[in-house]
Amino acid sequence: MSAPRQDPDPLRDPRFFTDPYPTYDRLREGCPVRRIPTGSGGRPAYLITGYAEAREAFTDPGLSKDTARFFADRPSDRDLHPALSRTMLASDPPEHTRQRRVATPLFTTGRVRALRPYITRVVDRLTAAWRPGGEVDLVAELAVPLPVTVVCELLGVPESDRAPLAGWSHDLFDATDTGRVDAASHRIGAYLTDLVGAARATPGDGPLHSLLRDCDEGGLDGDEAVSLAALLLVAGHETTTGFIGNAVLALLRHPEAFDRLRRDPDLIPGALDELLRFDSPVGVATFRYSTRDLRMGGVDIPAGFPVLIAPGAANRDPAAFADPHRLDLDRDAGGHLAFGHGIHRCAGAPLARAEAEAALRMLVTRFPDTRLAVPEQSLAWRRTRLTRGLTALPLNLA
Ligand code: HEM
């Protein structure tokens, strides 16, 4: 099978954003590795929708994440700030290995455990005015501010700067306006450059000072330190927002699952993997391209083409998860690919879990009879293939 069929823009169809799963199924059933026209640098891309093929692709050294190298000899009208275009998520070993070594210790079980009381306090503060009988937008009032507040705390961003930073980070995921994305990247890059510069100029023992010490000890230069801070800010924002909204919606659609968590909130940590699998916050993972001729899922991928791996599709592959379109809190969903796989696997996964757990715990204990405040069909989804998340989730609290 060396000449896979070409689809007309399957990832740009408006129906895809509302419900990507029929599209993912159709593509995967045709062939789990498909050539599609929506690549980068004027090239079509190869889209991977099968679970086994996605796992393999995440670890194939023939796929590079060095975006700068891909675009070095290709015309691009993009103008991202270097702190955001040259993160470790857009690099290969050995640069990646060096930066990852500094990032990993930030999210150890112990570090995240120590953050839990703070996370719970943020959830309590954000929902302090919520009352039974009230109507709230879970996305705007909790799922958006929670991750950005926590990551700003980790980076030592002053309270007064958090709102604009959150706005720019949100703009960064606007798939419809690349000018807006580029502008947001420059605002974030400039802000973090100043923040890091100020911390270096004034000795102290705040969280940013500690991160900068780790960067120095890990051999990261000044630009790399800013870039790591930028990655932490943006990688944990829309993704965790999407996760919290998607998880709550999935539970509202499945009252029996909601009921189990309400009766025993200690089941929540064990339910998170199935919730991540069921409606994955990262639909299509970040940019990769083939550095040599490859063969994946029986398909030839020539050197020099973008390759898109879709965790959202892989996690609904019936070959990996029986009855994949069913939310089943009893299944072993531990092998899901929602956090990616291999050397770029999500560094902040334990933090994302802790935040989602705190949000769900609050909801099932304080508002156990909560319902959707609008018909399900009227819910709107963000129009990007990278992250899957609701633009709003209106709830009647009870
Ligand atoms: C539910 C929420 C989250 C999801 C679903 C998620 C998903 C992912 C995925 C799929 C990747 C790999 C992308 C690829 O290989 O193309 C990734 C990488 C990464 N994530 Fe997350 N993420 C989440 C939350 C967070 C948080 C809270 C942080 C930190 C504050 C974070 C930091 C990172 C970093 C630093 C990387 C790059 C790792 C590397 O290049 O080695 N993520 N994430």
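Throughout what follows, the structure given in this document is the object of discussion. Keep in mind that this is a model prediction, so the values were computed, not measured.

**Thoughts on the overall build of the protein chain**
Argument step 1. The number of helices and strands found in the protein chain is 18 helices and ten strands.
Argument step 2. Across its three principal axes, the protein chain shows a C-alpha extent of roughly 60 × 55 × 35 Å.
Argument step 3. In the protein chain, buried positions account for 44% of the 398 residues.
Argument step 4. Of all intrachain contacts in the protein chain linking residues separated by at least 6 positions in sequence, the fraction that spans at least 24 positions is 75%.

**With respect to the pairing of strand 2 (residues 45-48)**
Argument step 1. Side chains A45 and L47 project from strand 2 onto one buried face, and the interleaved Y46 and I48 project onto a second face that is buried too.
Argument step 2. Sheet analysis places strand 1 (residues 33-36) next to strand 2, joined by four bridges and oriented antiparallel. Bridge assignment links R35 to a residue of strand 2, and that residue is Y46.
Argument step 3. Bridge count for strand 2 against strand 8 (residues 307-309) is three bridges, and the pairing is parallel. Residue pairing across strands places L47 opposite L308, the latter belonging to strand 8.

**Comments concerning the sheet that holds strand 9 (residues 371-372)**
Argument step 1. Ordered by their spatial adjacency, three strands build an open sheet running 4-10-9, and the pairing between neighbours is antiparallel. Either end of the sheet is taken by a strand with one partner, and the two such strands are strand 4 (135-137) and strand 9.
Argument step 2. Of the pairings in the sheet, the one linking strand 4 to strand 10 (residues 394-396) comprises three bridges and is antiparallel in character. Paired with V136 across the strands is L395, a residue of strand 10.

**Quick look at the sheet that holds strand 8**
Argument step 1. Across the sheet, which stays open at both edges, the three strands sit in the order 1-2-8 with mixed pairing between neighbours. A strand with exactly one partner marks an edge of an open sheet, and here the two such strands are strand 1 and strand 8. Averaged over all pairs of adjacent strands, the angle between their axes in this sheet comes to 25°, without regard to strand direction.
Argument step 2. Those strands touched by helix 3 (residues 51-59) are strand 1, strand 2 and strand 8, and its axis lies near 120° from that of strand 8.

**Some words on the site of the ligand**
Argument step 1. As a structural note, the neighbourhood of the ligand is formed by 27 residues, with G236, A285, G340, C346 and G348 the closest of them.
Argument step 2. Sorting the residues of the shell around the ligand by element identifies helix 6 (95-103), helix 9 (145-155), helix 13 (222-235), helix 14 (238-253) and helix 18 (349-366) as the ones contributing at least two each.

**Some remarks on the environment of E256**
Argument step 1. Note on placement: E256 falls in helix 15 (residues 255-263).
Argument step 2. Accessibility expressed as a C-beta count within 10 Å gives 9 for E256, which makes it exposed.

**Some details on helix 16 (residues 268-278)**
Argument step 1. Among the eleven residues of helix 16, eight are classified as buried, and the element is accordingly described as predominantly covered.
Argument step 2. Listed in full, the buried residues belonging to helix 16 are I268, A271, L272, E274, L275, L276, R277 and F278.

**Describing the packing of helix 9 against helix 10 (residues 159-171)**
Think of two packed helices as two axes; the pair is described by the angle between the axes and how far apart they sit.
Argument step 1. For the pair helix 9 and helix 10, the least separation of the axes is 10 Å and the interaxial angle reads 120°. Handedness of the crossing formed by helix 9 with helix 10: right-handed. Residues P145, V148, T149 and C152 of helix 9 pack against R162, L165, A166 and S169 of helix 10.
Argument step 2. Of the residues belonging to the contact of helix 9 with helix 10, the class tally is five nonpolar, two polar and one charged.

**Some points on the nonpolar core**
Argument step 1. Membership of the largest hydrophobic core comes to 111 residues, with the highest contact counts inside it found for I48, L228, A229, A230, V307 and A310.
Argument step 2. It is helix 13 that contributes the most residues to this core, ten residues altogether.
Argument step 3. Among residues more than four places away in sequence, those in contact with V307 are A45, Y46, I48, A57, L63, R288, Y289, S290 and I301.

**As for unusual backbone geometry**
Argument step 1. For the bond running from P93 to P94, omega is 5°, close enough to zero to count as cis.
Argument step 2. Following the sequence through the fold, P94 ends up in the loop between helix 5 (82-85) and helix 6.

**Quick word on the packing of helix 11 (residues 178-201) against helix 12 (residues 207-217)**
Argument step 1. It is at 10 Å that the axes of helix 11 and helix 12 come closest, and there the two elements cross at 90°. Classified by the angle between their axes, helix 11 and helix 12 sit roughly perpendicular to one another. Of the residues in helix 12, those touching helix 11 at L195, V196, A199 and R200 are L208, H209 and L212.
Argument step 2. The residue makeup of the contact of helix 11 with helix 12, split by class, is five nonpolar, one polar and one charged.

**A look at helix 18**
Argument step 1. Spanning 18 residues, helix 18 covers 26 Å between terminal C-alpha atoms, matching the ideal 26 Å at 1.5 Å per step.
Argument step 2. Residues L351, A352, A354, E355, A356, E357, A358, A359, L360, L363 and V364 constitute the buried set of helix 18.

**Observations regarding the environment of P269**
Argument step 1. Relative to the helices and strands, P269 is located in helix 16.
Argument step 2. Through-space distance from the C-alpha of P269 to that of T87 is 30 Å; in sequence the pair is 182 residues apart.

**A short note on the environment of D174**
Argument step 1. As for its placement among the helices and strands, D174 is situated in the loop between helix 10 and helix 11.
Argument step 2. Overall, D174 belongs to the partly exposed group, with 15 C-beta atoms counted inside 10 Å.
Argument step 3. A sequence separation of 153 residues divides D174 from Y21, and the C-alpha atoms of the two residues are 22 Å apart.
Argument step 4. Apart from the residues within four sequence positions on either side, D174 is in contact with R180 and V181.

Rules behind the numbers
Residues numbered from 1 in each chain as written. Predicted model: local features only at pLDDT ≥ 70, side-chain atom pairs only at ≥ 80, totals over all residues. Helix = DSSP H or I, 4+ residues; strand = E, 2+ residues; numbered from the N terminus. Buried ≥ 20, exposed ≤ 12 C-beta atoms within 10 Å, placed from the backbone. Contact = placed C-beta atoms within 7 Å. Pairing = 2+ DSSP bridges. Axes fitted to C-alpha atoms, helices over the stretch in contact; angles between N-to-C directions. Near = placed C-beta within 6 Å. Left-handed = near helix turned anticlockwise from the far one by under 90°. Nonpolar A, V, L, I, M, F, W, Y, C, P; charged D, E, K, R; others polar. Core = buried A, V, L, I, M, F, W, Y, C linked by C-beta atoms within 7 Å. Parallel < 35°, antiparallel > 145°, perpendicular 65-115°, else oblique. Expected span 1.5 Å × (residues − 1).

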